[in-house]
Amino acid sequence: MANTFSQSYFHLVFAVKHREALIGRQWKNELEKYITGIIQNHKHKLLAINTMPDHIHIFIGYNLNHLIPNLVEEIKTSSNLWIKHNGFSKFKFDWQKGYGAFTNSHSQIGKAMKYIMNQEMHHKKKSFKEEYLEMLQKNEIQYSDEYVFEFFDDILSFD
């Protein structure tokens, strides 16, 4: 009897909504651990995660039985509640609407993981807006500026 085989990798990106409620260095690792639990509970394989003050990158081996929109919604909703419950932000914390979901081939895993794990160094040279628009362009995704994230151009790193 034949089996079905699949292999899919997704690079997810989404941003913080409120300017005042940026992700702090002192709790970013806890947030990443919390989000890792959500991902693993849905049988996705976390390959890399890295949080910057105004956005997050997540790279997963994708479980085809769970829809990407549902995963992103659960990550955002659950982490919002978790951040509020733990009092990490003195301001109202929310993620912006929308997200980027970019596929990678197996041969790109190492490069994608390195890219995500080097975000802090990367953002010393390039803003999140520049990075995100470049990702859309490299993946040949048509977009309208009015439907892209609200960007905070002066945030390059935690420093």
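Residues numbered from 1 in each chain as written. Predicted model: local features only at pLDDT ≥ 70, side-chain atom pairs only at ≥ 80, totals over all residues. Heavy atoms only, no water.

**A few points about the overall build of the chain**
So, step 1. A count of helical and extended segments in the chain gives five helices and four strands.
So, step 2. Along the chain, from the amino end to the carboxyl end, the secondary structure elements read β-α-β-β-α-β-α-α-α.
So, step 3. Relative to the 2.2 N^0.38 estimate, which gives 15 Å for 159 residues, the radius of gyration of the chain is 16 Å and therefore close to what a compact globule would have.
So, step 4. C-alpha atoms of the chain, sized along the principal axes, occupy 55 × 35 × 30 Å.
So, step 5. Relative to its full complement of 159 residues, the chain shows a buried share of 48%. (Helix = DSSP H or I, 4+ residues; strand = E, 2+ residues; numbered from the N terminus. Rg over C-alpha atoms; globule rule 2.2 N^0.38 Å. Buried < 20%, exposed > 50% of the residue type's maximum accessible area, 1.4 Å probe, protein only.)

**Concerning the pattern of salt bridges**
So, step 1. Applying the stated criterion across every chain, the model contains seven salt bridges.
So, step 2. A salt bridge links E134 to K126, with the nearest nitrogen and oxygen atoms 2.7 Å apart.
So, step 3. A relative accessible area of 28% places E134 in the partly exposed class.
So, step 4. The shortest N-O distance in the salt bridge between K138 and E134 comes to 3.6 Å. Note that K138 and E134 are positioned in helix α5 (residues 128-138) at a spacing of four residues, about one turn of the helix.
So, step 5. Residues participating in the shared-partner salt-bridge network are K84, K92 and D94. (Salt bridge = Lys/Arg side-chain N within 4 Å of Asp/Glu carboxyl O.)

**Focus: the packing of helix α1 (residues 25-41) against helix α2 (residues 68-86)**
Two quantities define a packed helix pair, namely the angle between the helix axes and the distance between the axes.
So, step 1. For the pair α1 and α2, interaxial distance at closest approach is 10 Å and the crossing angle is 140°. Put simply, α1 runs oblique to α2. Two packed elements cross with a definite hand, and for α1 against α2 that hand is right-handed. The segment α1 lies against α2, with W27, E30, L31, Y34, I35, I38 and I39 engaging L71, E74, I75, S78, S79, W82 and I83.
So, step 2. Looking at the contact of α1 with α2 residue by residue, the classes come out as ten nonpolar, two polar and two charged. (Axes fitted to C-alpha atoms, helices over the stretch in contact; angles between N-to-C directions. Parallel < 35°, antiparallel > 145°, perpendicular 65-115°, else oblique. Left-handed = near helix turned anticlockwise from the far one by under 90°. Contact = heavy atoms within 4.5 Å. Nonpolar A, V, L, I, M, F, W, Y, C, P; charged D, E, K, R; others polar.)

**So, the nonpolar core**
So, step 1. With 35 residues, the main nonpolar core has I58, I60 and Y132 as its most contacted residues.
So, step 2. Looking at this core, the elements with two or more residues in it are β1 (9-15), α1, β3 (55-61), α2 and α5.
So, step 3. Ranked by residue count, the leading element in this core is α2, at six residues.
So, step 4. The residues contacting Y132, other than those within four sequence positions of it, are V13, Y99, G100, F102, V148, F149 and F151.
So, step 5. Core analysis: the next-biggest nonpolar cluster, separate from the first, contains seven residues, Y9, F59, I109 and A112 among them. (Core = buried A, V, L, I, M, F, W, Y, C linked by side-chain atoms within 4.5 Å.)

**Side note on the environment of H44**
So, step 1. Relative to the assigned elements, H44 resides in the loop between α1 and β2 (45-52).
So, step 2. Assessed through its relative accessible area of 4%, H44 is described here as buried.
So, step 3. Along the backbone, H44 and Y62 are 18 residues apart, and their C-alpha atoms lie at a distance of 5.2 Å.
So, step 4. Once residues lying within four places of it in the same chain are set aside, the contact partners of H44 are I39, I60, G61, Y62, N63, H66 and L71.
So, step 5. Of note is the side chain of H44, whose polar atom sits 2.9 Å from the backbone nitrogen of N63.
So, step 6. Reaching out from H44, the side chain makes a polar contact with the side chain of H66 at a distance of 2.9 Å. (Polar contact = N/O pair within 3.5 Å; in protein donor to acceptor, adjacent residues only side chain to side chain.)

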